[in-house]
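What follows is the residue order along each chain.
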Amino acid sequence: MVQLTEIRSVRPDQGVWSFTSQQQTLRRLDKAFGAFFRRVKARETPGYPRFRAAARFDSVDFRHGDGIKFHRDKKQLYVMGVGHVQIRLHRALPENAALGQVSVKREGSGRRTRWFVVIPVEVQPVPLPMTGAITGIDMGVASFLTTSEGVHVPNPRHLKVAAARLAAAQQDLARKKRGSNRRRNTVSRVATLHGTVRRQRLDHAHKTALKLVQDHDVICHEALQIPNMTKRAKPVPDPARPGAFLPNGQAAKTGLNKAILDAGWGVFLSVLTAKAENAGRDVISVNPANTSRTCPDCGHCAKGNRPSQAVFTCRQCSFTGNADTVGAINVLRAGTALRQTAHAA
Ligand SMILES: [Zn+2]
């Protein structure tokens, strides 16, 4: 970091860039190495920080007022070394918001290149009026989520379509020769699709979370075990050739589809938590063990209570219901119990 001033004094070409933005980039490098040494120490797979060529370097951080300035009235952004650029605001910036870090991000390449500016601002919490309602949610595959009142929020169809396209593009990519023009083109197509999926997912998460937060004081959900859920499709060994594997394109495809939907829950939960905090609502995370196989009527817990993905039928009292709704009811109960213990303590 100290060397940066020196480098700038002997390399005039470096002087055209903002000092703080170079500083931020060095901080990122420092962080990458810090994390690397921490992993080595913890005896985890270290993963040496990789060199990022210009083509892989997709974002630069600035401090507002140093090399970058946002002109609210003209909806223009001044970037040092670039000039004034017109920007399209996706969300209104609150009046008098103090601007700190500003990130400029690039997505895709060639004629598909899209540029984004990310401006985080601090907002004052706006508590919503109490509703007296508390809900549990079950996050599933058939529906994106189901509430304990039996409301199903379907998986967004457009996200499935984009996910299928992405899977196809990624398979396409695997067939292209390294360094070829066609490969470069496919890389840019994959990046664009990733961007689309990410934005659609975020949009869906915002809408779904907003509705839940408006209607309930307390929202209980299952704790996610992300590393488990995004496991890759298993390779298929080739019986004819020991040590070799059969192509499992289909498995890779479903694996990716599932991973994309799984990632949706992670994004959704972080959006939900932020929105709830801002609205003065409670979000309770419960242990997901047995929530799908316990009878809400008599408490009998068995794997056999769930004869299929969609149906719950209690082996003991023959209570029958939608499996996702039953899961959500159990999540609600576990959350309520946690809350009572917390209040009693
Ligand atoms: Zn029962």
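Rules of the game
Residues numbered from 1 in each chain as written. Predicted model: local features only at pLDDT ≥ 70, side-chain atom pairs only at ≥ 80, totals over all residues. Heavy atoms only, no water. Donors = N, O, S within 2.8 Å, 3.2 Å for Na, K, Ca; no water. Tetrahedral: all angles 85-135°; square planar, octahedral: opposite > 155°, others 65-115°. Helix = DSSP H or I, 4+ residues; strand = E, 2+ residues; numbered from the N terminus. Buried < 20%, exposed > 50% of the residue type's maximum accessible area, 1.4 Å probe, protein only. Contact = heavy atoms within 4.5 Å. pLDDT = per-residue confidence, 0-100. Pairing = 2+ DSSP bridges. Expected span 1.5 Å × (residues − 1). Polar contact = N/O pair within 3.5 Å; in protein donor to acceptor, adjacent residues only side chain to side chain. Salt bridge = Lys/Arg side-chain N within 4 Å of Asp/Glu carboxyl O. Axes fitted to C-alpha atoms, helices over the stretch in contact; angles between N-to-C directions. Phe/Tyr/Trp six-rings, centres within 6.5 Å; stacked < 30°, edge-to-face > 60°.

## Some words on the coordination of the zinc ion
- Only C295 (SG), C298 (SG), C314 (SG) and C317 (SG) from the protein coordinate the zinc ion, and they sit 2.3 Å from it.
- What the four donor atoms of the zinc ion show is an angle range of 105 to 113° at the metal, which sorts the shape as tetrahedral.
- Taken in chain order, the donor set of the zinc ion reads C-x2-C-x15-C-x2-C. With C298 in the loop between β13 (282–286) and β14 (311–313) and C317 in the loop between β14 and β15 (320–322), this pair connects stretches of sequence that are 19 residues apart.
- Residue class for C298 comes out partly exposed when judged on its relative accessible area of 37%.

## Quick word on the environment of D172
- Mapped onto the secondary structure, D172 falls in helix α3 (residues 157–175).
- When the C-alpha positions of D172 and V190 are compared, they lie 9.6 Å apart, and in sequence the two are 18 residues distant.
- In contact with D172, other than residues within four places in its own chain, are T186 and R189.

## Side note on the environment of R189
- Structurally, the position occupied by R189 is in helix α4 (residues 181–215).
- A relative accessible area of 31% means that R189 is categorised as partly exposed.
- For R189 and G110, which are 79 residues apart along the polypeptide, the C-alpha to C-alpha distance reads 9.9 Å.

## Some thoughts on the confidence of the model for the protein chain
- Mean pLDDT over the protein chain works out to 81, with 79% of the residues at or above the 70 mark.
- Considering each helix and strand of the protein chain separately, the mean pLDDT is smallest for helix α5 (residues 226–229), with a value of 48, and largest for strand β10 (residues 218–222), with 96.

## Quick notes on the pairing of strand β8 (residues 143–147)
- Burial of β8 is extensive: five of the five residues sit out of reach of the surface.
- In this sheet, β8 lies alongside strand β7 (residues 134–139) in antiparallel orientation, the contact comprising three bridges. Looking across to β8, one finds that D138 is bridged to T146.
- Here β8 runs beside strand β9 (residues 152–154); their pairing, made up of three bridges, is antiparallel. Looking at the pairing, T146 lines up with H152 of β9.

## Considering unusual backbone geometry
- Phi at N290 takes a positive value of approximately 65°, unusual for a residue other than glycine.
- Its location among the elements puts N290 in the loop between β13 and β14.
- A positive phi is found at S318, a non-glycine position, where the angle reads about 60°.
- By the element assignment, S318 lies in the loop between β14 and β15.
- Judged by its relative accessible area of 52%, S318 is exposed.

## Overview of helix α7 (residues 323–344)
- Between the first and last C-alpha of α7 there are 32 Å, a value that for 22 residues agrees with the 32 Å anticipated at 1.5 Å per step.
- The N-cap residue of α7 is N322: its side-chain oxygen and the backbone nitrogen of D324 are 2.8 Å apart.

## Topic: the pattern of salt bridges
- Summed over all chains, the structure comprises six salt bridges.
- Here K176 and D172 are joined by a salt bridge, their closest N and O atoms 3.3 Å apart.
- On the basis of relative accessible area, K176 is assigned to the partly exposed category, the value being 21%.
- Residue classification places D172 among the buried positions, given a relative accessible area of 19%.
- Between R281 and D217 there is a salt bridge whose closest N-O contact spans 3.2 Å. Linking R281 in the loop between α6 (249–279) and β13 with D217 in the loop between α4 and β10, this pair joins segments that are 64 residues apart in sequence. The exposure classification of R281 matches that of D217, with both residues buried.

## Some details on the sheet that holds strand β4 (residues 83–86)
- Taken together, three strands build an open sheet; the order of strands is β2-β3-β4 and the sheet is antiparallel. Unpaired on one side and paired on the other, β2 (68–71) and β4 mark the two borders of the sheet. Strand-to-strand twist across the sheet, computed as the mean angle between neighbouring axes with direction ignored, equals 20°.
- Where strand β3 (residues 76–79) meets β4, four bridges bridge the pair, whose relative direction is antiparallel. Looking across to β4, one finds that L77 is bridged to V85.

## Looking at the packing of aromatic side chains
- On inspection of all chains with the given rule, the structure shows two aromatic pairs.
- Aromatic pair F144 and F268: ring centres 5.5 Å apart, planes at 85°, arrangement edge-to-face. With a gap of 124 residues between them, F144 in strand β8 and F268 in helix α6 connect regions that are remote in the sequence.
- Take F268: its relative accessible area is 0%, and that puts it in the buried class.
- Ring plane angle 65° and centroid distance 6.3 Å describe the contact between F312 and F319, whose orientation is recorded as edge-to-face.
- You can call F312 buried: its relative accessible area is 0%.

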